[in-house]
Amino acid sequence: MCRTRIVNARVVTPQGVCYGGVVFDEGGIIAVEDAASECCAAGLDDASLTTVDADGAWLVPGGIDPHVHFGGFGDIPIADDFRTGSFGALAGGTTTVMDFCEPTVEEDARAVIARRMADASVSSVDYAFHFVLSEQYRDLLRDLAYIEDECGIRDYKLFTVYGNTTLSLDDVREIFMRLADDPRRTFLIHAEDAELVACLEDELGDSTDMRLLAETRPDAVEFREVEALHGLVAETGVRACIAHSTCAETAALLDDPPARGEFELETCPHYLAFTSEKLAGPEGARFTMVPPLRSAADQAALWDAILSGKLRILSTDHCPYHARYKDGATYRTIPNGVDGVQWRMIYAFSEGVAKRGLTMPQFVDLTSANAAHFYGMWPRKGCIAVDSDADLVLIDPAGTTVLGMGENVSAIDYSIYEGMEMSGRIARVFKGGREVYDGERVCAEPGSGRFLAR
Ligand SMILES: [Zn+2]
């Protein structure tokens with residue numbers, strides 16, 4: 001097995017930042033070396049090591065993007081599957097993703113898990129799944145022991161909107177109560193008030209004007225539902241994360257942690273990067289996702305919550321569609337979703353660390369460690385320590401990155417981030433002890449990603 005030693009790096013460990021490096025192989029991290037304390041890995045024969053000089057770059061754990069869609073649902077094909085999406089992830093410094101097992105009306109738990117495991121067999125990033133409890137949740141939960149004990153899936157995705165998956169708050173309460181007895185279980189919840197959306201859609205009718213997407217899903221559509229879920233977490237004591245949260249009122253709930261259970265928010269780079277002004281005009285169709293883009297004031301509130309360490313998870317909800325499926329659609333028929341998996345890490349570095357004073361330990365928390373803790377992957381993932389997986393990213397703070405098709409390695413045919421210039425550059429990426437991105441090219445084998453049982 002070949003060993004690698006990275007030297008001259010600013011290493012971000014759970015104990016803080018040290019100057020030095022790490023030694024690792026495919027089995028994991030063997031040593032964390034602090035140049036100042038000379039605690040270098042004694043007994044390692046230098047001749048057997050490949051040495052990488054980081055030249056002062058930051059060394060951080062491989063990113064964890066806990067919300068991506070590499071195929072998996074709907075009639076309109078998502079641009080990326082596991083093969084192409086995982087290449088994008090690696091080029092962006094993300095080495096672990098969480099995707100979904102979303103059953104169709106005909107599928108039971110065994111069928112959907114088998115289908116998604118087959119889809120993921122070409123992944124070059126490590127992966128875990130959220131299991132979607134659809135309207136057939138009572139049937140699906142009959143296979144609970146199979147889902148959890150045989151497959152190692154212990155996170156459940158709940159939706160309060162969308163055909164086939166719309167759960168009422170009473171349904172959610174029932175699910176929470178049934179599953180509250182095992183603290184290893186977690187929930188990721190898409191929270192929008194379906195009745196309010198339907199009511200506003202009836203009032204405003206259909207249109208190709210994408211500003212109506214924001215008008216029919218105002219802040220209150222999200223906040224009312226999240227507030228109710230916050231109450232259900234306190235009532236049942238479950239551990240829940242609100243997916244892709246967007247607005248100031250939602251973020252304010254973080255100031256009021258529930259007496260029992262755990263209440264987390266996830267947000268995505270697109271809510272930090274763009275406002276609903278992007279929905280105007282023919283280009284507006286390219287910027288559609290739900291919940292929709294919000295105001296500058298909402299963005300400021302999300303950043304405040306990130307900088308204070310209360311909003312702890314940054315995902316992408318990567319769900320890109322080719323432009324031909326977006327352009328010319330109406331706001332009620334358009335496939336919602338945008339790209340992001342390749343840009344999340346450098347976006348957080350540039351806009352968080354370089355521009356707003358996010359510390360590097362906070363950056364690691366936001367991009368990997370917090371998700372690893374919440375979803376039961378820590379310290380194997382999201383951590384630079386002896387015996388953790390050797391998923392490592394070197395970030396060159398002096399470099400720059402222009403986001404968009406010039407850098408893209410996945411199957412998207414446009415990026416909402418096109419032309420945005422970021423401070424910093426993903427210089428090299430290692431996954432499972434092997435180099436998978438050299439700064440220009442992804443050099444990973446499709447299928448080299450592993451399923452992470454929880
Ligand atoms: Zn999603």
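Asks: I would appreciate a short explanation of the coordination of the zinc ion in the present structure.
Replies: Each pair of donors in an ideal octahedron of six around a metal sits at 90 or 180 degrees, and each pair in an ideal tetrahedron of four sits at 109.5 degrees. Taken together, the protein ligands of the zinc ion are His67 (NE2), His69 (NE2) and Asp317 (OD), with distances of 2.0 to 2.2 Å. Mapped onto the sequence, the residues coordinating the zinc ion show the spacing H-x1-H-x247-D. The class for His67 is buried, based on a relative accessible area of 1%. We classify His69 as buried; its relative accessible area is 7%.

Asks: Looking at this model, I keep getting lost on the pairing of strand E5 (residues 58-61). Mind explaining?
Replies: The two faces of the sheet receive side chains in turn, since in a regular strand these alternate between them. Of the strand pairs in this sheet, strand E1 (residues 3-13) and E5 are connected by 2 bridges, and their pairing is parallel. Along E5, the bridge assignment pairs Arg10 with Trp58. Across 4 bridges, the pairing between E5 and strand E14 (residues 392-402) is antiparallel. Following the sheet pairing, Val60 is matched in E14 by Val393.

Asks: Explanation requested: the layout of surface pockets in the structure shown.
Replies: In this model, the largest pocket occupies a volume close to 950 Å³. Per-element accounting of the lining of the largest pocket gives the leading share, 4 residues, to helix H6 (residues 194-204). Residue classes in the lining of the largest pocket are distributed as 19 nonpolar, 15 polar and 8 charged.

Asks: Is there a simple way to explain unusual backbone geometry in this structure?
Replies: Backbone phi values are negative for most residues with the exception of glycine, while trans is the configuration of most peptide bonds. Along the chain, Val290 connects to Pro291 via a cis peptide bond; the corresponding omega equals -5°. Residue position: Pro291 is located in the loop between helix H10 (269-273) and helix H11 (296-307). Of note, Asn8 is a non-glycine position whose phi angle comes to about 60°, a positive value. Position of Asn8 among the secondary structure elements: in strand E1. Positive phi, close to 50°, is recorded for Asp317, a residue that is not glycine. Looking at where Asp317 falls in the secondary structure, it is placed in the loop between strand E13 (313-314) and helix H12 (323-326).

So, how was this worked out
- Residues numbered from 1 in each chain as written.
- Predicted model: local features only at pLDDT ≥ 70, side-chain atom pairs only at ≥ 80, totals over all residues.
- Heavy atoms only, no water.
- Donors = N, O, S within 2.8 Å, 3.2 Å for Na, K, Ca; no water.
- Buried < 20%, exposed > 50% of the residue type's maximum accessible area, 1.4 Å probe, protein only.
- Pairing = 2+ DSSP bridges.
- Helix = DSSP H or I, 4+ residues; strand = E, 2+ residues; numbered from the N terminus.
- 1 Å grid on protein atoms, 1.4 Å probe; cavity = no way out; pocket = protein on both sides within 12 Å on 5 of 7 lines; lining within 4 Å.
- Points joined across faces, edges and corners; volume = space filled by probe spheres on them.
- Nonpolar A, V, L, I, M, F, W, Y, C, P; charged D, E, K, R; others polar.

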